[in-house]
Amino acid sequence: YPGQFVLLTIDQYRTSDGVARATIVGISEQQNAAQILRSLENLSPSSRAYFVSTYGGYIGLDRFTGDLRPFTSSLGQRDLLELTLAKMRASESLLSPATVEFRNERGVSSLAQAAWLKELNTGIVLEVPAATVFGQLSSLIPFTGFVFIGLAIAIAVAGQWYANRVVKPIISLSEITGRFA
């Protein structure tokens, strides 16, 4: 596959005494790797998915052509993702994806889910701009305010009605007993 992007999966099979008996190599061609990233990007229109290789290379989908293309990450992005993925690589147990926050190479504040794919010996990241995530939350603030105001009015009306139902008979009783006294 000269000049083409491929993901290689290499796995050694060992006997119970630790002797390597076979090595199996799997090859994932560019369209298969791109399909993995596309399936993640389809989760949110503003998201971006990419692979992080063990040597620190970043490979994602080109927005215009849909082809795989390497890119250079920001320093903060690289440091945070390398640390996160290194912890996952070092752990023998299956770890759930880690959530990280950083400024990407375009200077956009982003939230991302990073996971280590042991089978492919690579990391995979799904990145979403923080403004997209928090923008949707901030659109709920007026609705939440109206709900609380409506609830306060309903409680005030119910309290007034209840007070009249309890207090008026007591005042009336007090006036009647005042006439007898």
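Starting afresh in each chain, residues are numbered from 1 along the sequence in its written order. pLDDT decides what is reported in this predicted model: residues at 70 or higher carry local features, side-chain atom pairs at 80 or more are listed and counted, and totals for whole chains, interfaces and linings draw on all residues regardless. Computation of side-chain values covers all heavy atoms of the structure but excludes hydrogens and water.

Examining the overall build of the protein
Operational definition: Put simply, DSSP marks the helices as runs of H or I at least four residues long and the strands as runs of E at least two long, and each gets a number from the N terminus on. Both definitions apply: the radius of gyration is a C-alpha atom measure, and the globule rule equals 2.2 Å times residues to the power 0.38. Only protein chains enter the accessibility calculation, which uses a 1.4 Å probe. A residue is then buried if its area is under 20% of the maximum for its type, exposed if over 50%, and partly exposed in between. In what follows, residue pairs with any heavy atoms lying within 4.5 Å of each other are defined as contacts. Only the protein chains shown count as covering a residue, and every accessible area follows the Shrake-Rupley method with a 1.4 Å probe. Counted as positive: Lys and Arg. Counted as negative: Asp and Glu, with His and the chain ends omitted from the count. To locate a charge, take NZ of a lysine, CZ of an arginine, CG of an aspartate or CD of a glutamate.
A tally of helices and strands in the protein yields four helices and eight strands. Over its C-alpha trace the protein gives a radius of gyration of 30 Å, far above what one expects of a compact globule, namely 16 Å for 181 residues. Projected onto its principal axes, the C-alpha positions of the protein cover 110 × 50 × 30 Å. Scored against the burial criterion, the 181 residues of the protein give a buried share of 27%. A separation of at least 24 residues holds for 39% of the contacts in the protein among residues at least 6 apart in sequence. As displayed, the protein has an accessible area near 12500 Å², and 62% of this comes from carbon and sulfur atoms. A distance of 10 Å separates the average location of the 15 positive side-chain charges in the protein from that of its 14 negative side-chain charges.

Considering the nonpolar core
For soluble globular proteins, the rule of thumb is that nonpolar side chains tend to be buried together. Inclusion rule: For the purposes of this section, nonpolar cores are sets of buried Ala, Val, Leu, Ile, Met, Phe, Trp, Tyr and Cys residues that join through side-chain atoms within 4.5 Å.
Among the nonpolar cores identified, the biggest contains 14 residues, and F5, L7, A33, L37, F51 and L68 are the most heavily contacted of them. Looking at this core, the elements with two or more residues in it are α1 (30-41), β3 (48-52), β4 (58-61) and β8 (122-129). At three residues, α1 tops the list of elements feeding residues into this core. Look past the residues within four positions of F51 in its chain and what remains in contact with it is L7, A33, I36, L37, G57, Y58, I59, T122, G123 and I124. One finds Y50, L81, A112 and V125 within the second-largest nonpolar core, a separate group that totals 13 residues.

A look at the pairing of β3
Rule in force here: Two strands qualify as a pair provided DSSP detects at least 2 bridges between them.
Counting buried positions over the five residues of β3 gives five, a clear majority of the element. On β3, burial covers both faces: R48, Y50 and V52 on one face and A49 and F51 on the other are all buried. The pairing of β3 with β4 spans three bridges and is classified as antiparallel. Across the sheet, the residue bridging to Y50 is G60, located in β4. Here β3 folds back onto β4, and the loop between the two strands holds five residues, one of which, G56, carries a positive phi near 95 degrees.

Describing helix α2 (residues 75-90)
Selection rule: The length a helix should cover is 1.5 Å for every residue beyond the first. Picture the helix axis, draw a direction to every C-beta atom, and the arc is the one those directions span.
Helix length check: α2 (16 residues) gives 22 Å between terminal C-alpha atoms against 22 Å at 1.5 Å per residue, within 8%. Taken together, the buried positions of α2 are Q77, L81, T84, L85 and M88. Along the axis of α2, the buried positions cluster into a sector of 90 degrees, meaning they face one direction only. Exposed residues lying more than 90 degrees from the buried face of α2 are L75, K87 and A90. Buried residues along α2 sit in contact with β3, β4, β5 (68-71), β6 (98-103), β7 (109-117) and β8.

What about the environment of S109?
Structurally, S109 can be placed in strand β7. Note on S109: relative accessible area 24%, which makes it partly exposed. Considering only alpha carbons, one finds S109 and A156, 47 residues apart in sequence, at a separation of 43 Å. Apart from the residues lying within four places of it in its own chain, the contact partners of S109 are E101, F102, R103, P129 and A130.

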